[in-house]
Amino acid sequence: MSEPSPAIKVRDLVVGFGDQTVLNHLDLDVRAAEILGVVGASGAGKSVLLRTIIGLLPRRHGSIEVLGTDLAHADEEARRALERRWGILFQQGALFSSLTAKQNIQFPMRENLDISQKLMDEMAIAKLEMVGLTPQDGGKFPSELSGGMTKRVALARALALDPEILFLDEPTSGLDPISAGDFDELIRTLQQTLEITVFMVTHDLESLYTACDRIAVLADGKVVADGPIPVMLESEHPWVRAYFQGKRGGMLAERQIGA
Amino acid sequence: MGEALLTHKLVGERLELAAGGSWTAPHAGDLEAAVERVAGEAPKAKNVSIDMGGVHEFDTFGAWLLERLTRHWTAAGREAVVVGLPEHDLGLLEEMHGVNREAPPKPERVNPIVASLAAFGRGGAAFGRNLLVFAEMLGAVGLALGRVIMKPRDYRLTSTVHQLDRVAWQAVPIILLITFLIGAIISQQGIFHFRKFGAELYSVDLVGILVLREIGVLIVAIMVAGRSGSSYTAELGSMKMREEIDALRTMGFDPVEVLILPRILVLVVALPILAFIGSMAALYGGGLVAWLYGGLSPDIYIARLTDAISLTHFKVGMIKAPFMGLVIGIVACAEGLRVKGSAESLGIQTTNSVVESIFLVIVLDGLFAIFFASIGM
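As the structure is a computational prediction, the values presented were derived from the model and not from experiment.

Chemist: Outline the overall build of chain B, supporting the account with residue identities and numerical values.
Modeler: The secondary structure content of chain B amounts to 12 helices and four strands. Per-residue burial over chain B gives 37% buried out of 377 residues.

Chemist: Can you lay out helix H4 (residues 117-130) of chain A for me, pointing to particular residues and giving the numbers?
Modeler: All names here are of chain A. Helix length check: H4, at 14 residues, gives a terminal C-alpha distance of 20 Å against a target of 20 Å (1.5 Å per residue), a fit within 8%. Judged by how many residues are buried, H4 sits mostly within the fold: 10 of 14 residues are covered. Gly 132 sits one or two positions beyond H4 and adopts a positive phi of about 85°.

Chemist: Can you tell me about the packing of helix H4 (residues 112-150) of chain B against helix H11 (residues 311-337) of chain B, naming the residues and giving the values?
Modeler: All names here are of chain B. For the pair H4 and H11, the least separation of the axes is 9 Å and the interaxial angle reads 105°. Taken together, the axes of H4 and H11 lie roughly perpendicular to each other. Residues Val 133, Phe 134, Met 137, Leu 138 and Val 141 of H4 touch H11, and the partners they reach there are Ile 330, Val 331, Cys 333 and Ala 334. Of the residues assigned to the contact of H4 with H11, the class counts are nine nonpolar, no polar and no charged.

Chemist: Describe the environment of Gly37(A), naming the residues involved and giving the relevant values.
Modeler: Residue and element names in this part refer to chain A. Tracing the sequence through the fold places Gly 37 in strand E3 (residues 35-40). Among the residues examined, Gly 37 registers 26 C-beta atoms within 10 Å and is labelled buried. Ignoring any residue separated from it by four or fewer positions in sequence, one finds Gly 37 in contact with Met 200, Thr 202, Ser 207, Leu 208, Cys 212 and Ile 215.

Chemist: Go over the sheet that holds strand E4 (residues 79-83) of chain B, please, and point to the residues and values.
Modeler: All names here are of chain B. The strand order across the open sheet built from four strands is E1-E2-E3-E4, with neighbouring strands paired in mixed fashion. Of all the strands in the sheet, just strand E1 (6-11) and E4 have a single pairing partner and so form its edges. With direction set aside, neighbouring strand axes in the sheet form an average angle of 15°. Judged from the six bridges that link them, E1 and strand E2 (residues 14-23) form a sheet pairing that is antiparallel.

Chemist: Summarise the sheet that holds E3(A); cite the residues concerned and give the values.
Modeler: All names here are of chain A. With mixed pairing, six strands are arranged side by side in an open sheet as E6-E7-E8-E3-E9-E10. Unpaired on one side and paired on the other, strand E6 (86-89) and strand E10 (222-227) mark the two borders of the sheet. Along the sheet, successive strands turn relative to each other by an average axial angle of 15°, direction set aside. In terms of strand pairing, E6 meets strand E7 (residues 165-169) through four bridges, oriented parallel. Note on E7: the bridge partner recorded for Ile 88 is Phe 167.

Chemist: Break down unusual backbone geometry for me, citing the residues and quoting the values.
Modeler: The phi dihedral of Glu170(A) falls on the positive side, at around 45°, and the residue is not glycine. Within the secondary structure layout, Glu170(A) lies in the loop between E7 and helix H6 (177-194). Look at Glu170(A) and you get buried, because 21 C-beta atoms sit within 10 Å. Phi at Glu243(B) is positive, roughly 65°, even though this residue is not glycine. Looking at where Glu243(B) falls in the secondary structure, it is placed in the loop between helix H7 (202-241) and helix H8 (244-250). With 11 C-beta atoms packed within 10 Å, Glu243(B) lands in the exposed category.

Chemist: Outline helix H3 (residues 87-97) of chain B, listing residues and values.
Modeler: Of the residues making up H3(B), those classed as buried are Asp89(B), Leu92(B), Leu93(B), Glu95(B) and Met96(B). What you see down the axis of H3(B) is that its buried residues fit within an arc of 155°, all on one side. For H3(B), the exposed residues lying more than 90 degrees away from the buried face are Glu87(B) and Glu94(B). For H3(B), the elements touching its buried residues are H4 and H6 of chain A together with strand E3 (47-58) and helix H2 (60-75) of chain B.

Calculation notes
Residues numbered from 1 in each chain as written. Chains lettered and ligands numbered in written order. Predicted model: local features only at pLDDT ≥ 70, side-chain atom pairs only at ≥ 80, totals over all residues. Helix = DSSP H or I, 4+ residues; strand = E, 2+ residues; numbered from the N terminus. Buried ≥ 20, exposed ≤ 12 C-beta atoms within 10 Å, placed from the backbone. Expected span 1.5 Å × (residues − 1). Axes fitted to C-alpha atoms, helices over the stretch in contact; angles between N-to-C directions. Parallel < 35°, antiparallel > 145°, perpendicular 65-115°, else oblique. Contact = placed C-beta atoms within 7 Å. Nonpolar A, V, L, I, M, F, W, Y, C, P; charged D, E, K, R; others polar. Pairing = 2+ DSSP bridges. Arc of directions from axis to C-beta.

The structure is reproduced here in structure tokens:
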């Protein structure tokens, strides 16, 4: 079976700050239309990897191809074209605090598309309803939203232009387990209806079990293990064992096997 | 664009639509126009079929516009059938079927005259509220000061020293420079205009009295309001935004005592010091210009200065300084605590803080002028 070309292809990536190397010759593929969960200890460089892929951090060495384009060698126009094809959910939501939820969602549309205000209003409300909010929530300012609602609005904004790739930085952190579960399910359904590729940095074991197709474990600046949950459970790497077979991971693993 | 997005054909009472191309976000503008055009044909048709077979790209924008099109006919009680949509896109259309069902909340229409009157009224009320907020802050600071005097060990000495370094010590170079230049300019203008009457010597009186009574302290107060007042507001504002002030309160600390009292006391102490330094620099600058431009030797300048000014002039300036520091501190801290969640509000309150404190400093200066005149100082 011939593999379709990956949505994101990272080869031999080195990223560091000062004399500290965070990512050390890292290779990673994200296949089209899959949900990849990236896990690792705090400080292992998960967020650094995400921020490097989207071009917020400079790299020292290596290549990153997103949808066939390498940002480092792309001109301004190709860069902007690529940036239109992905959506990013930042850890704290990063909503523009002086705009309402609806205006936040419309912001990328207004900048990139030539469409009427009516359609923009309808699309913003459609996106809000897709992420489980009501049209009334659209008029609220970010400071009036709860943590879970902020994440949902930020997700709606990330989805505003119907991206092909969605980057999620700890989407469930700071949410209660029920909201986190709902959010996982939301990501799963949206990914299925919209057929997008999802790159998710997470700490949440539950998310890995319920939402992710495949998991990549970062340790020592490299991907030390990747594959679906069963592969993770059989891994011999000490950190992977501690994570998936530990007190919290073990419980979920038993449930998974029992089911 | 190679392919037509939407073509229509009227067969008897049946409208047959054929869609093609990319029904995606980048084409949403053209697509909407096409959909609106076809919707215009609505009254002619009894039933409608939409063939989506020619579409090779489809996303939420396309799905919503298709939904909008079908709703157009279903709302009129007619039948609209969508055929030829690939299996995997049906979910998306299904999703769109549920959205935008309720009418969006209508923005209220208001009469522009009423609106401007309301804005005017709100402005007046806000002004009154501002005064109330400052009075409240003054009271809270007084209370905290009372508590600290009762229990001096609770006073934040480290924070005070740190603030003193920032507000007073680090401000010295810029204050020196600005007041030196102001003194020089006043002296030059004095000499230039008094020369016409042959009264160059009186320019020394002008510089001495003006600098010591008014300009020295006023320039320094305005500089400090712009430099330290704004930083107080921004600091406290961002602490408020990140809930640091709430955190302090829940740990049993009074934010006024921990954050605000040291800052305001530092301003009250720093302003007279800076005003003194500034006045000296201005006199020095004035003297230098008098010598180089007016030909008055330093000896004459100093002799004339001692004749022209008295301790009273110096006292008038110095007495005002701590009050100006208090006003700047109260305004800056009160505005800082009024910052709300957004970045915009931080900007607004910082602007307000600087504008209000400069305004109040000048008003205060005027009041002091009346006061000193009436007691003969």
